[in-house]
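Per-entry structural report
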Amino acid sequence: MNPYWSPVVRGLSPYVPGEQPKISGLIKLNTNENPYGPSPRVLSALAAEAAETLRLYPDPNSDRLREAVAGYYGLAPAQVFVGNGSDEVLAHAFLALLNHDLPLLFPDISYSFYPVYCGLYQIDFRTIPLSADYQINLDDYCRPNGGVIFANPNAPTGRALPLGEIERFLVRNTDSAVVIDEAYVDFGAETAAGLIDRFPNLLIIQTLSKSRSLAGLRVGLALGHADLIEALDRVKNSFNSYPLDRFAISGAVAAFEDTDYFEKTRRRIMVTRDRLTANLQALGFIVLPSQCNFIFARHPGRDAAELARSLRQKSILVRHFRQERIDQFLRITVGTDDACARLVEVLKEILQGGEETTA
Ligand SMILES: *Cc1c(COP(=O)(O)O)cnc(C)c1O
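As a starting point, this report considers the structure included with it. (Residues numbered from 1 in each chain as written. Predicted model: local features only at pLDDT ≥ 70, side-chain atom pairs only at ≥ 80, totals over all residues. Heavy atoms only, no water.)

1. As for the packing of helix α10 (residues 304-313) against helix α11 (residues 337-352)
This is how the line gets drawn: Orientation is described by lines fitted to C-alpha atoms, with helices fitted over the stretch in contact, and by angles between N-to-C directions that extend from 0 to 180 degrees. Runs of H or I in DSSP of at least four residues are treated as helices and runs of E of at least two as strands, each being numbered from the N terminus. Throughout, a crossing is termed right-handed when the near helix is turned clockwise from the far one, and left-handed when it is turned anticlockwise from it by less than a right angle. Should any heavy atoms of two residues lie within 4.5 Å, those residues are considered in contact. When residues are grouped by polarity, Ala, Val, Leu, Ile, Met, Phe, Trp, Tyr, Cys and Pro land in nonpolar, Asp, Glu, Lys and Arg in charged, and all others, Gly among them, in polar.
Here α10 crosses α11 at 115°, and the two axes come no closer than 10 Å. Along this stretch, α10 crosses α11, giving a crossing that reads as right-handed. Within the contact between the two elements, α10 uses Leu 307, Ser 310 and Leu 311 and α11 uses Leu 343, Val 346, Leu 347 and Ile 350. Here the residues of the contact of α10 with α11 are counted per class, giving 6 nonpolar, 1 polar and no charged.

So this is what it looks like as structure tokens:
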């Protein structure tokens, strides 16, 4: 290892994002991007920012965006934080709120970035197993902890917890911060945003990358008590004063203003998801109930890694995780109706040829 590397860097095991292929013509169902482009109002807002004003720094506090988000959720701007993608907001939350002496708790199967942040900030953590049917059981988190983080709906399983269970947990867990990653909440789950006035330890993190079709713009946000937001601001202002550029601020504001487009596209994705689920079940797949823009599915007769390889040969990318308990599943992003129909057609061909490989 290079002698100039710090001990922290030597010990890191960085997150590996899903493949972004350089070749065109692939059906990309591997990174949960929205199959529909952003709202036309976002595109005009971005075009308007391509101007002489780019010589000026953006607003370091992104006030316009904080106000737009606060308005959307009926909160005060001081209850909103925005960052360069929710990955950055998550990173700040790990440092600002989840970094204590007692171990941080999160599910054994969840967003694989969580243990990476723990490595970066040297946070002690314990993973709590999902139930046999891949559900988070919050009773298992009722023990001394330095913080709790989970995704709702969870990724990559797609399963969501009802708000009532989250509320019951918050009543019991008052001594540490509870961070809920709601990256996929707009595809059919219930947001906990309405609980933040009652629970000063609750932080909700969302992204514009999935339900608002803006993965390429890099905008994420957090909602919580003003004191929690101040903690995030302290980290942000010790790291990068301008995480959102002029394009990101304007584009994100326009995305929150165009509620019609948002409603139309997210509903379309939910309809396609439910059809895809039924079509895969008809091919013999076991599909977990999903409240996300992806499904998590396995075929009892086929090895998941081999299925992913066969799909790739037919120009379809899906995500496979080499991780205990889920290595026979595929995570498949809900694409357009055409993309999903093509996936089903190709899977049918693959299943008809070749022989069974697993039990
Ligand atoms: C996609 C995703 C994110 C990150 O989103 P960005 O805003 O694009 O950084 C965070 N959490 C989960 C669970 C995700 O799936």
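2. What about the packing of aromatic side chains?
As a reminder of what qualifies: Stacked, edge-to-face and tilted labels apply to pairs of Phe, Tyr and Trp rings (six-membered ring for Trp) whose centres lie within 6.5 Å, assigned for plane angles under 30 degrees, over 60, and everything in between, in that order. Categorising residues by exposure relies on relative accessible area from a 1.4 Å probe, with only protein chains included: less than 20% of the type maximum marks a residue as buried, more than 50% marks it as exposed, and the intermediate range marks it as partly exposed.
Scanning the entire structure with this criterion turns up 16 aromatic pairs. Here the aromatic rings of Tyr 15 and Phe 113 are separated by 4.4 Å at their centres, their planes lie at 15°, and the arrangement is stacked. Placement of the pair is Tyr 15 in the loop between α1 (7-11) and β1 (27-29) and Phe 113 in helix α5 (residues 113-121), with a sequence separation of 98 residues. Its relative accessible area of 21% is what places Tyr 15 among the partly exposed residues. Under the relative-accessibility criterion, Phe 113 is labelled buried at 16%. A centroid spacing of 5.0 Å and a plane angle of 45° characterise the contact between Phe 94 and Tyr 117, whose relative ring orientation is tilted. With Phe 94 in helix α4 (residues 85-97) and Tyr 117 in helix α5, this residue pair connects regions lying 23 residues apart in the sequence. Site record: aromatic cluster; members linked through ring pairs are Tyr 15, Phe 94, Phe 106, Tyr 111, Phe 113, Tyr 114, Tyr 117 and Phe 125.

3. Regarding the pairing of strand β4 (residues 125-128)
Where we set the bar: Strand pairing follows a simple DSSP-based rule, namely that at least 2 bridges must link the two strands.
Bridging between strand β3 (residues 104-107) and β4 involves 4 bridges; their strand directions are parallel. Each bridged residue has a counterpart across the sheet, and for Leu 105 the counterpart in β4 is Arg 126.

4. Focus on the sheet that holds strand β7 (residues 202-207)
Sheet architecture is open: 7 strands sit in the order β2-β8-β7-β6-β5-β3-β4, paired in mixed fashion. Looking at strand neighbours, the two that pair on one side only are β2 (80-83) and β4, the edges of this open sheet. Pairs of neighbouring strands in the sheet enclose a mean axial angle of 20°, with direction left out of account. Two elements, β7 and strand β8 (residues 220-224), share 5 bridges in a ladder whose sense is antiparallel. If you follow Thr 207 over to β8, its bridge partner there is Gly 220. Across the sheet, helix α6 (residues 163-172) lies against β5 (147-151), β6 (178-181) and β7, angled at about 160° from β6, the strand it touches most.

5. Topic: the pattern of salt bridges
Let me state the cut-off plainly: One speaks of a salt bridge when a side-chain nitrogen belonging to Lys or Arg is within 4 Å of a carboxyl oxygen belonging to Asp or Glu.
Applying the stated criterion to the full structure yields 16 salt bridges. Salt-bridge contacts for Glu 19 lead to Arg 312; the nearest nitrogen and oxygen are separated by 2.4 Å. One end of the pair, Glu 19, is in the loop between α1 and β1; the other, Arg 312, is in helix α10, and 293 residues separate them in sequence. Among the residues examined, Glu 19 registers a relative accessible area of 36% and is labelled partly exposed. Arg 312 gets classed as partly exposed once you look at its relative accessible area, which sits at 36%.

6. What to know about the environment of Leu 195
Take Leu 195: it is sitting in the loop between β6 and β7. On the basis of relative accessibility, which here comes to 6%, the residue Leu 195 falls in the buried class. In sequence terms Leu 195 and Leu 105 are 90 residues apart; their C-alpha atoms lie 21 Å from each other. Every residue in contact with Leu 195, bar those within four places of it in the chain, is listed here: Leu 163, Ile 166, Glu 167, Leu 170 and Leu 202.

7. Regarding the sheet that holds strand β12 (residues 330-333)
One open sheet holds the 3 strands; their spatial order is β9-β10-β12, and the pairing between them is antiparallel. Whereas interior strands pair on both sides, the edge strands pair on one side only; in this sheet they are β9 (286-287) and β12. With 4 bridges connecting them, strand β10 (residues 294-298) and β12 associate as antiparallel partners. Across the sheet, residue Phe 296 finds its bridge partner in β12, namely Arg 331.

8. Some details on α11
So the rule is basically this: In this scheme, a helix's expected span is set at 1.5 Å multiplied by one less than its residue total.
In this model α11 runs 23 Å from its N-terminal to its C-terminal C-alpha over 16 residues, within 8% of the 22 Å that 1.5 Å per residue would give. Every buried residue belonging to α11 is among Ala 339, Cys 340, Leu 343, Val 344, Val 346, Leu 347, Ile 350 and Leu 351, and all of these are buried. For α11, the secondary structure elements touched by its buried residues are β1, α9 (259-282), α10, β11 (316-318) and β12.

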